[in-house]
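Structure assessment
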Amino acid sequence: METIDNVYIKKAHCFFEQSGTFKNEFRQLGIEAEDYDIQNDFGETDNICDLFKEIEDAYVNKPSVFDSIEGGRMGT
Amino acid sequence: MAFFPCIQFCDAKTLIFKGKAISQRNKNLGEIMDKNIEYAKVREYNFIQLMKLVAVAYKRCLRLIIENPWNTSGGTYLQNNFIEPAVVDGNRMLRGDYFVKPTAYWFINFSPKNGFTYQFDKKQKIIMKSKGAKKAGTCSTERSLISSDYARNFICDFIIGKKQPEIDLTLF
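Residues numbered from 1 in each chain as written. Chains lettered and ligands numbered in written order. Predicted model: local features only at pLDDT ≥ 70, side-chain atom pairs only at ≥ 80, totals over all residues. Heavy atoms only, no water.

1. Thoughts on the packing of helix α2 (residues 51–59) of chain A against helix α2 (residues 29–59) of chain B
α2 of chain B packs onto α2 of chain A with a crossing angle of 50° between their chain directions and a minimal axis gap of 9 Å. Classed by the angle they form, the pair α2 of chain A and α2 of chain B counts as oblique. Seen along the crossing, α2 of chain A lies across α2 of chain B with a hand that is left-handed. Across the interface between the two elements, Phe52, Ile55, Glu56, Ala58 and Tyr59 of chain A from α2 of chain A touch Tyr45, Asn46, Gln49, Lys52, Leu53, Ala55, Val56 and Lys59 of chain B from α2 of chain B. Split by residue class, the contact of α2 of chain A with α2 of chain B holds 8 nonpolar, 2 polar and 3 charged. (Axes fitted to C-alpha atoms, helices over the stretch in contact; angles between N-to-C directions. Helix = DSSP H or I, 4+ residues; strand = E, 2+ residues; numbered from the N terminus. Parallel < 35°, antiparallel > 145°, perpendicular 65-115°, else oblique. Left-handed = near helix turned anticlockwise from the far one by under 90°. Contact = heavy atoms within 4.5 Å. Nonpolar A, V, L, I, M, F, W, Y, C, P; charged D, E, K, R; others polar.)

Structure (structure tokens):
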């Protein structure tokens, strides 16, 4: 868990295309990360899903991938 | 972080809605309007999805960064119809990317740090000379490409506030 100026980053979640590039760099920096995309062109996408559908479901409080994403805890 | 699909918001779409795209040259006004109605519906759908994403993040207290192209002459759809971004990176090559490609970043539920890692070491790629998409209406992988150097520098500069003296060499 990276701690910078009281901001805790438990895990980074990267959505849509190019999310893999950022996911890998977060990990190199010691921050746990996973990516989400409908495509898996390079065989490295952690979560293959229709993000537009996930957004729709989350918006109306149906189960979605957002349920597994924790909100950040800001330092005081 | 959300690299939100940008093809519907790019300034090239403005030409289509104005009826001035090269692909519309041989079409009559009725055909142009029929097609533009379809395009407008797709763009509206994408825009609503973007706003729902922001709403979901805000209500759940998730720290979210949205990325999308920016245009220095003010041509993208989001520039004229969306909340202001927290950061506009006018030249991504200065942080180690392949493209100049001005890009905006919206920070939801937190503010960006203000670092700057200078890494100007790539041969420039030109978007218009990059390979096109395999499927019409989508952005090609090459045009969407972000270098791993840029990704790292962005994270260090704007998210975690980490200095990288081994990369950002100074004269002194």
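2. So, the interface of chain B and chain A
Each partner contributes to the interface: chain B provides 34 residues, whereas chain A provides 35 residues. Roughly 3100 Å² of surface becomes buried between chain B and chain A when both sides are summed, with 66% attributable to carbon and sulfur atoms. If you sort the residues of chain B by the area they bury against chain A, Phe3, Arg60 and Arg63 of chain B come out on top, with a joint share of 21%. One can count 2 salt bridges joining chain B with chain A. The salt bridge involving Glu56 of chain A is made with Lys52 of chain B; its shortest N-O contact spans 2.8 Å. Secondary structure elements with two or more residues in the side of chain B that touches chain A: β1 (2–3), α2, α4 (141–144) and α5 (148–159) of chain B. Ranked by the residues each element gives to the side of chain B that touches chain A, the list is headed by α2 of chain B, at 8 residues. In terms of residue class, the side of chain B that touches chain A is made up of 21 nonpolar, 6 polar and 7 charged. (Buried area = accessible area lost by both parts, 1.4 Å probe. Salt bridge = Lys/Arg side-chain N within 4 Å of Asp/Glu carboxyl O.)

3. Here's the deal with the side chain of Gln24 of chain B
Residues and elements named next belong to chain B. One can find Gln24 in the loop between α1 (11–17) and α2. A polar contact is formed between the side chain of Gln24 and the backbone oxygen of Ile16, at a distance of 3.0 Å. Reaching out from Gln24, the side chain makes a polar contact with the side chain of Asn36 at a distance of 3.5 Å. With residues up to four places along the chain from it excluded, the contact list for Gln24 reads Leu15, Ile16, Gly19, Ile32 and Asn36. (Polar contact = N/O pair within 3.5 Å; in protein donor to acceptor, adjacent residues only side chain to side chain.)

4. Quick word on the packing of helix α1 (residues 19–28) of chain A against α5 of chain B
Two packed helices can be described by the angle between their axes and the distance between those axes. Interhelical geometry of α1 of chain A versus α5 of chain B gives an angle of 60° and a closest axis separation of 9 Å. Judged by the angle between their axes, α1 of chain A and α5 of chain B are oblique. Handedness of the crossing formed by α1 of chain A with α5 of chain B: right-handed. Counting all contacts with α1 of chain A, which are made through Thr21, Phe22, Glu25 and Phe26 of chain A, the residues of α5 of chain B involved are Ser148, Ala151, Arg152, Phe154, Ile155 and Ile159 of chain B.

Any link to function would need more than the numbers given here.
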